[in-house]
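These are the residues of each chain, in order.
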Amino acid sequence: MSSLDNILDIQDLKTYFFTEAGVVKAVDGVSIQVQRGGTHGLVGESGSGKSVTALSTLRIVPRPGRIVGGKITFDNIDVLSLEEKEVRKLRGKRMAIVFQDPMSSLNPLYTIEHQLTEVIRLHKGLDKAVARDEARKILELVGIPEAEKRLDAYPFELSGGMKQRIAIARALSCEPSLLFADEPTTNLDVTIQAQVLELMKTLKKDFGMTLVVITHDMGIIAEMTQRVTVLYAGQVYETANTWDLFNGPKHPYTEALLKAVPRLDKKKVLVSVPGNIPNLIEPPSGCRFHPRCPYAIEVCKEKVPVLEAVTPDHSVACHRWKELQLKGSL
Amino acid sequence: MGFAIVIAFFIFAFVLPVLASIRLPDGSHLISLYPARSFEALYQGQEGQPPSWQHPFGTELAGIDVFSDSVWGARNDLYVGIAATLLATVIGIAVGAVAGYSKGIISASLLGIIQVFFVIPVLLLILLFARVYSVLVFAGFGLTLIVLILGFFGWSGIAFVVRGEIFRVKELEFIQAEKALGASNFRILFRHIVPNILTPVIVIASLSVAGNILTEVVISFLGFGDPNTATWGLLIQEGSTYVSTYWWVSFFPGLLVVLIVLGFNLLGDGLSDALNPRLRE
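Residues numbered from 1 in each chain as written. Chains lettered and ligands numbered in written order. Predicted model: local features only at pLDDT ≥ 70, side-chain atom pairs only at ≥ 80, totals over all residues. Heavy atoms only, no water.

So, about the overall build of chain B. Helices and strands together make up the secondary structure of chain B, namely 12 helices and 0 strands. Each principal axis of the C-alpha atoms in chain B carries an extent, and together these give about 75 × 45 × 30 Å. In chain B, buried positions account for 48% of the 281 residues. Considering only contacts in chain B between residues 6 or more positions apart, those separated by 24 or more positions represent 70%. Of the accessible surface of chain B, which amounts to about 13,300 Å², a share of 71% is contributed by carbon and sulfur atoms. Of note, chain B has its 13 positive side-chain charges centred 17 Å away from the centre of its 17 negative side-chain charges. (Helix = DSSP H or I, 4+ residues; strand = E, 2+ residues; numbered from the N terminus. Buried < 20%, exposed > 50% of the residue type's maximum accessible area, 1.4 Å probe, protein only. Contact = heavy atoms within 4.5 Å. Areas by Shrake-Rupley, 256 points an atom, 1.4 Å probe, with all protein chains shown as cover. Lys, Arg positive; Asp, Glu negative; His and termini not counted. Charge placed at Lys NZ, Arg CZ, Asp CG, Glu CD.)

Take the pattern of salt bridges next. Counted under the stated rule, the structure contains 21 salt bridges over all chains. When the shortest N-O distance is used, the salt bridge between arginine 187 of chain B and glutamate 118 of chain A registers 2.6 Å. Placement of arginine 187 of chain B in helix H9 (residues 185-193) and of glutamate 118 of chain A in helix H3 (residues 112-124) is noted, with the two residues assigned to different chains. By relative accessible area, arginine 187 of chain B is classed as partly exposed at 23%. Under the relative-accessibility criterion, glutamate 118 of chain A is labelled buried at 6%. Between glutamate 223 of chain A and lysine 201 of chain A there is a salt bridge, and its shortest N-O distance comes to 3.2 Å. Of the two residues, glutamate 223 of chain A sits in helix H8 (residues 218-224) while lysine 201 of chain A sits in helix H7 (residues 190-207), which places them 22 residues apart along the sequence. Note on glutamate 223 of chain A: relative accessible area 43%, which makes it partly exposed. Residue classification places lysine 201 of chain A among the partly exposed positions, given a relative accessible area of 29%. Three or more residues are tied together by salt bridges with common partners; here these are Glu113, Arg132, Asp133, Arg136, Lys137, Glu140, Glu148 and Asp152 of chain A. (Salt bridge = Lys/Arg side-chain N within 4 Å of Asp/Glu carboxyl O.)

On to helix H8 (residues 173-180) of chain B, then. Of all 8 residues that make up H8 of chain B, 7 are buried, and the element is covered over most of its length. Considered for burial, the residues of H8 of chain B that qualify are Glu173, Phe174, Ile175, Gln176, Ala177, Glu178 and Ala180 of chain B. In the core, the buried residues of H8 of chain B are packed alongside helix H1 (50-57), strand S6 (95-98), H3 and helix H6 (160-172) of chain A together with helix H7 (156-169) and H9 of chain B. Glycine 182 of chain B sits one or two residues past H8 of chain B and shows a positive phi near 95°.

Our focus in this paragraph is the sheet that holds strand S4 (residues 65-74) of chain A. Residues and elements named next belong to chain A. A sheet is described by the order of its strands in space; here 4 strands give the open sequence S2-S1-S4-S5, paired in antiparallel fashion. The open sheet terminates on both sides in strands that have one partner only, identified here as strand S2 (22-35) and strand S5 (77-78). Sheet topology note: the S4/S5 ladder contains 2 bridges and is antiparallel. Residue phenylalanine 74 lies in a different strand from S5, and its bridge partner there is isoleucine 77. (Pairing = 2+ DSSP bridges.)

A word on the packing of aromatic side chains. Aromatic rings considered in pairs are described by the distance between their centres and by the relative angle of their planes. Scanning the entire structure with this criterion turns up 21 aromatic pairs over all chains. Considering the side-chain rings of phenylalanine 57 of chain B and phenylalanine 252 of chain B, the 4.4 Å spacing of their centres and the 5° angle between planes classify their relative orientation as stacked. Highlighted residues: phenylalanine 57 of chain B in the loop between helix H2 (40-43) and helix H3 (66-101) and phenylalanine 252 of chain B in helix H12 (residues 248-274), separated in sequence by 195 residues. For the residue pair phenylalanine 57 of chain B and phenylalanine 252 of chain B, the accessibility class agrees, reading buried in each case. In this structure an aromatic cluster arises from ring pairing among Phe9, Phe12, Phe57, Phe67, Trp232, Tyr242, Tyr246, Trp247, Trp248, Phe251 and Phe252 of chain B. Taking the ring centre of phenylalanine 18 of chain A as reference, the NZ or CZ of arginine 66 of chain A above it sits at 4.5 Å. (Phe/Tyr/Trp six-rings, centres within 6.5 Å; stacked < 30°, edge-to-face > 60°. Lys NZ or Arg CZ within 6 Å of the ring centre and 35° of its normal.)

All names here are of chain B. At a closest axis distance of 9 Å, the pairing of helix H1 (residues 2-21) and H3 adopts a crossing angle of 120°. Between H1 and H3, the angle is such that the two are oblique. Read as a crossing pair, H1 and H3 show a hand that is left-handed. Each of Phe9, Phe10, Phe12, Ala13, Phe14, Leu16 and Pro17 in H1 lies in contact with H3, whose residues at this interface are Phe67, Ser70, Val71, Trp72, Ala74, Arg75, Leu78 and Ile82. Class assignment of the residues belonging to the contact of H1 with H3 gives a composition of 13 nonpolar, 1 polar and 1 charged. (Axes fitted to C-alpha atoms, helices over the stretch in contact; angles between N-to-C directions. Parallel < 35°, antiparallel > 145°, perpendicular 65-115°, else oblique. Left-handed = near helix turned anticlockwise from the far one by under 90°. Nonpolar A, V, L, I, M, F, W, Y, C, P; charged D, E, K, R; others polar.)

A few words now on the environment of leucine 307 of chain A. One can find leucine 307 of chain A in the loop between helix H11 (298-302) and strand S11 (308-311). It is 22 Å that separates the C-alpha atoms of leucine 307 of chain A and threonine 39 of chain A, two residues lying 268 residues apart in sequence.

Structure (structure tokens):
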């Protein structure tokens, strides 16, 4: 596929955190291509670098983190070479992010109206009354009843699901072409989760935007995305169309993740991926997954695997992908 | 309770003079206040009188009505306490906020500056300035001089607290969310972070009003104040030389100092409880 189809092209991104204990290589050479208009999933355990990749794209990596290398092209703009002032114009307006915890992603001191109109006025330069009207419309869009009344509410007066809808509304208020959803449903209960996911699907269609869903929940990946990238210890281990990934995973880590999904149709004990995510200050040699991999051989400890194309749409970083017969979950 | 005491002092300082200016139909005054620093009682042969209905706090040997001067003194002391605190709070928030939010060399050097100001003995500085600029002091700018010095040298405590609080608040998710929406650093810092850290600042400010009033009293008591401006410290100092016989000259202003310091301290405690959401039922 041509690169014109990609709204976001991340090449060899490296974002390190310079802590006192050492340099944490949270993202270490990640390359991801996100197709325009699609929904792309980023999946992996906590600490695999999913969120940091998103934060790097918006250039809001918290200290002591720093982007040390790579190239990010968004809509033909070289994001990493922009002045801070110019990135600020992109943020919120052309790319936005919805965070994990709705409880803390709104400033407790200001009304909903204030928080929504702030963004609208910042980027669109509308006056107060018009901005309030816009804010009300967008609240109705995300399915908040009595939107007019909610505008004057403070965050503590609203439920978690409601707050997450408002966070989504705020991210959408300037109709960005790319939206990151960083575990948007992790802190919500299951019924609300379903509603929020449904909402995001509808909104994506209505706005014609590209969605990048960050999650560790394979269920959400299956439900929402067309393409998916599996991250492990700050590196990409597999990228494929969602169907292909579930059907025929090529990386043992992907297989392990799929195995760990609880299923209603097959009675079995819940499996987890053995071991823990490695220390990112001194990651394991060779393939970073080798200490936890049931198929690991000598070469895995010594040589770093590179991404190889299985098909034009499917790539994997594993020394043994050709010989292994891995089980999907379909 | 602290709030009630502080309000009572405001009434004492600002409502009483208004009441005193009202004339009853028969031409007499509701309450009589002498002008500040006036020796009228001397001409009436009332100098050195113990407390009475006419002179509730008595009069001193030069004929000054202690009650009247206490009222005018309350105004001046509240001015010193509050104005100096406001000045220190504004500087403290600005410096502390930037020190807490910026990074690298700016943050480090601001911290250094805060620490330097933290160890400056403000009282000695004021005494020094009062001597050097005695012309200003006698021209009636003594109080403003004290306010400026207390303000410009007394902000480091607030700056420390602000800096620490900002470390806490700036890591919260809504700050990152603001950044992701394209807000500028200035906007994030002063519209989103600072309002979230005002609680401890308000409490400290309330306590520091009491501290600043005490400092003013000490300065006047040591004789470095303006002898032509009515303050409690001045009254206490004037009475101190003959406290064994004319005790009321020092006693009543002293009592007021104790009460106002108590009042602002209780107010600070009360505010810290009232503003702490964890202590609300």
